[in-house]
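Architecture and fold: a report
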Amino acid sequence: MKTPLHVVSLSGGKDSTAMLLRMLEEGWPVDIILFCDTGLEFEAMYRHINKLEQYIGRPITRLKSQQSFEYLFFEHSPKRKNPVLRDKKGFSWPGPRNRWCTATLKTRVINSYLKSLEKEYELIHYVGIAADEPQRIRDRQYPLIEWGMTEADCLAYCRERGFDWEGLYDIFHRVSCWCCPLQSFDEMRKLRKHFPELWEQLQRWDKMTWRSYLKNYTAEQLEIRFAFEDECLAQGLPIKGKAFFSALKEKLKECEE
């Protein structure tokens, strides 16, 4: 019989933070706390992890891929089935059908670490999936679902204990990799408004790679669109509807000339 080892996956967000805090407060066994760093977290998230570690008085094991996002994005040369892409360097931007970033920078790193532990221990792996996210349930342990804690409950629980992520959750609905092309337009607008230096970096990266940030927009075109939206709103004009998109199309065309 292998010795049980209780492992908590900590993304650093509200759900996993609330799960860890409550587990420790209620005396659940916690042997290892894992935080996998993609290198693309908001700086406030790294400070949150440090603050959390100090608060609980327990070490948080930090994992990180040996290959950086920038290397994989720009330089890596994977085997490609599509002949059109064989001469392209780097994975470039991920998409809905190819979330290479999550797989390479998080899932494989965590799974590799857990696999090394499985040789000696029986792993009990806890994941912070909230009660209102049942579609994400897999073959893990989900204390938040057992407790009936929703995403809103988790955020309130953390805030009651002094964790505020320096206002990140006052801005964004979800706090993950800041440059993710799978986030909503609304989240992108917030990134542009509140973190202009990151928005500028995103545009620089987009100009240096072969796949555009979004299927229908480059990062530069998004900047044009959002700036045009600001102009329309300042004039009391709508930023939806046929008239807006017709005007936006002309605006984009002007900028390309």
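Look a little higher up for the structure.
Here the structure is a predicted model, which is why all the values come from computation and not from measurement.

Cut-offs used in this document
- Residues numbered from 1 in each chain as written.
- Predicted model: local features only at pLDDT ≥ 70, side-chain atom pairs only at ≥ 80, totals over all residues.
- Heavy atoms only, no water.
- Helix = DSSP H or I, 4+ residues; strand = E, 2+ residues; numbered from the N terminus.
- Expected span 1.5 Å × (residues − 1).
- Buried < 20%, exposed > 50% of the residue type's maximum accessible area, 1.4 Å probe, protein only.
- Contact = heavy atoms within 4.5 Å.
- Arc of directions from axis to C-beta.
- Core = buried A, V, L, I, M, F, W, Y, C linked by side-chain atoms within 4.5 Å.

Structural remark: α-helix, 3.6 residues per turn; residues separated by three or four positions point the same way. Here helix α2 (residues 43-56) is 14 residues long and its end C-alpha atoms lie 20 Å apart, about the 20 Å a rise of 1.5 Å per residue gives. All buried positions along α2 are accounted for by Ala44, Met45, Tyr46, His48, Ile49, Leu52 and Ile56. The secondary structure elements touched by the buried residues of α2 are α1 (14-25), β2 (32-37), β3 (61-64) and α7 (168-171). Of the residues one or two after α2, glycine 57 is the one with positive phi, at around 65 degrees.

Right, let's talk about unusual backbone geometry for a bit. In the Ramachandran plot, serine 92 falls in the positive-phi region, its phi being about 65 degrees despite a non-glycine side chain. When you line up the elements, serine 92 lands in the loop between α3 (69-74) and α4 (100-118). Classification of serine 92 by relative accessible area gives buried; the value is 0%. Phi is positive for glutamate 166, close to 55 degrees, though the residue is something other than glycine. Within the secondary structure, glutamate 166 is located in the loop between α6 (151-160) and α7. A residue is classified by how much of its surface remains accessible, and glutamate 166, at 48% relative accessible area, is partly exposed.

Regarding helix α8 (residues 185-194), the residues found buried are Glu187, Met188, Leu191 and Arg192. Around the axis of α8, the buried residues are gathered within 140 degrees of arc, so they sit on the same side. Those residues of α8 that are buried are in contact with α7, α9 (196-207) and α10 (219-234).

With that settled, the discussion passes to the nonpolar core. Within the largest apolar cluster, 65 residues are counted, with the highest numbers of intra-cluster contacts made by Phe42, Trp178, Leu191, Leu202 and Trp205. If near-sequence neighbours (up to four positions away) are discounted, tryptophan 205 is found in contact with Leu40, Phe69, Glu70, Phe73, Phe74, Trp93, Trp178 and Cys179. By size, the runner-up hydrophobic cluster in this structure holds ten residues, among which are Leu34, Leu63, Ile110 and Leu114.

So, about the side chain of threonine 17. One can find threonine 17 in helix α1. A relative accessible area of 0% places threonine 17 in the buried class. Each residue touching threonine 17, except ones within four places of it in the same chain, is listed here: Leu10, Gly12, His48, Leu52, Cys158 and Trp165.

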